[in-house]
Amino acid sequence: MNKPLYSIRMRARRQGQHLSGAERLSSLEAVEQLAADMVQRAMHHARGRAESIELTIEQISAAEVERRPLPDLQTWLVDDYRQGRRAAAEILRRAGVAQGAIDGAMSQIAAGAAPGAQTMRGAMLVDADSGQRLEPDQARGVRVSRMDLTDQARRKLDSELNRLGLNNAHVREALVLAAKVLSAPGIVAELCWSDDPDYTAGYVASAAQGYVRFPHLKPLGEERGGRAFFVRTEGRSLADLIDYLQKRPILFDQIGRLHSARPWEAHL
Ligand code: WAQ
Ligand code: MG
């Protein structure tokens with residue numbers, strides 16, 4: 001039980017821009033294979049082959065690692081991305097995010113939230129009341145890392161996602177990332193859609209609803225995507241929140257309930 005873990009992070013670039021990233025926690029036995037898998041992913045990305053890849057592997061003591069359960073997962077069926085964004089906005093409003101902050105985050109993700117209308121490498125931090133952007137670097141954003149599933153939770157999640165026809169890397173990784181974000185002090189909700197042109201799905205995560213996915217939050221072929229973490233720091237320091245998101249190691253050892261897809265109107 002006291003064996004160390006390894007944080008493994010990958011960043012790939014192409015034509016001077018962020019291409020792909022990944023972050024896992026690994027046992028010693030699995031770390032070499034995971035590194036190889038990450039290199040392969042960067043070399044065969046939907047937006048082209050990586051021109052440079054950075055891998056960072058850091059040992060973490062087992063005593064530092066916190067264990068938590070995953071949130072529940074739902075799919076709200078929508079016909080297109082406009083309907084998806086309306087439904088996503090409704091969940092964010094219910095979670096307590098101000099309308100202006102929702103509209104601002106959606107239009108910034110759609111336009112490319114990094115300077116020069118590019119996709120950010122990490123997430124925006126958005127004040128849930130004022131809509132103001134709080135992350136120190138608007139190109140990098142905040143990269144959540146040091147989170148993963150235990151082997152047992154991974155096997156359970158695989159079989160439940162298979163049952164729903166949802167067992168792909170986008171869903172598995174986004175669910176774990178959102179779980180860590182929701183566990184962070186001061187987070188109100190998260191909004192995300194992918195930057196992969198062939199992956200149109202996205203989600204809203206909140207404490208009340210868990211992880212709610214929409215098959216369409218952007219049009220097919222669109223390369224811009226991103227993440228917004230809506231925050232209400234209430235006197236806590238923003239630096240502590242960023243440190244938690246980037247550094248605090250968390251293993252998810254229990255899965256939540258995974259619901260079958262239903263039309264979005266059924267939830268309102
Ligand atoms: N921390 C913070 N932001 C990140 C991270 C991270 N570790 N990884 C990616 N991002 C940001 C970055 O701006 C990317 O451009 C953006 O998120 C999208 O990343 O249920 O595939 O890896 O079907 O393209 C969501 C729906 C898929 C899954 C999300 O994101 C489902 C996805 P991608
Ligand atoms: Mg991507």
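The rules we used
- Residues numbered from 1 in each chain as written.
- Chains lettered and ligands numbered in written order.
- Predicted model: local features only at pLDDT ≥ 70, side-chain atom pairs only at ≥ 80, totals over all residues.
- Heavy atoms only, no water.
- 1 Å grid on protein atoms, 1.4 Å probe; cavity = no way out; pocket = protein on both sides within 12 Å on 5 of 7 lines; lining within 4 Å.
- Points joined across faces, edges and corners; volume = space filled by probe spheres on them.
- Helix = DSSP H or I, 4+ residues; strand = E, 2+ residues; numbered from the N terminus.
- Donors = N, O, S within 2.8 Å, 3.2 Å for Na, K, Ca; no water.
- Buried < 20%, exposed > 50% of the residue type's maximum accessible area, 1.4 Å probe, protein only.
- Polar contact = N/O pair within 3.5 Å; in protein donor to acceptor, adjacent residues only side chain to side chain.
- Contact = heavy atoms within 4.5 Å.
- Core = buried A, V, L, I, M, F, W, Y, C linked by side-chain atoms within 4.5 Å.

## Side note on the layout of surface pockets
Next up, step 1: Of the pockets and cavities examined, the second largest pocket occupies roughly 270 Å³.
Next up, step 2: Looking at the second largest pocket, the residues that line it are Arg-14, Gln-15, Gln-17, His-18, Leu-19, Arg-47, Ala-117, Gln-118, Thr-119, Asp-195, Glu-223 and Arg-224.
Next up, step 3: Counting residues per element, the lining of the second largest pocket draws most heavily on strand β2 (residues 17–26), which supplies three residues.

## Structural notes on the coordination of the magnesium ion (ligand 2)
Next up, step 1: In this structure, Asp-195 (OD) and Asp-196 (OD) serve as the protein donors to the magnesium ion (ligand 2), at separations of 2.2 to 2.4 Å. Neither residue differs from the other here; Asp-195 and Asp-196 are each classed as buried.

## Side note on the side chain of Glu-190
Next up, step 1: With respect to the helices and strands, the residue Glu-190 is situated in strand β8 (residues 187–193).
Next up, step 2: Judged by relative accessible area, which is 0%, Glu-190 ranks as buried.
Next up, step 3: Only 2.9 Å separates the side chain of Glu-190 from the side chain of Arg-227, close enough to count as a polar contact.
Next up, step 4: With near-sequence residues (within four places) excluded, Glu-190 lies in contact with Leu-92, Leu-177, Ala-178, Val-181, Tyr-203, Val-204, Ala-205, Arg-227, Ala-228 and Phe-229.

## Describing the nonpolar core
Next up, step 1: Leu-70, Leu-73, Tyr-203, Phe-229, Leu-245 and Phe-252 are the most contacted members of the largest nonpolar core, which has 37 residues in total.
Next up, step 2: If you list the elements that add at least two residues to this core, you get β7 (147–149), α4 (151–163), α5 (169–183), β8, β9 (202–206), β11 (226–231), α6 (238–247) and β12 (250–254).
Next up, step 3: If we ignore the near neighbours within four places in the chain, the residues touching Leu-73 are Leu-161, Leu-166, Val-171, Leu-175, Tyr-211, Arg-213, Arg-257, Leu-258 and His-259.
Next up, step 4: The next biggest cluster of nonpolar side chains, apart from the first, holds 30 residues, and it includes Ala-113, Val-204, Phe-214 and Phe-230.

Any functional reading would require information that these geometric values do not contain.
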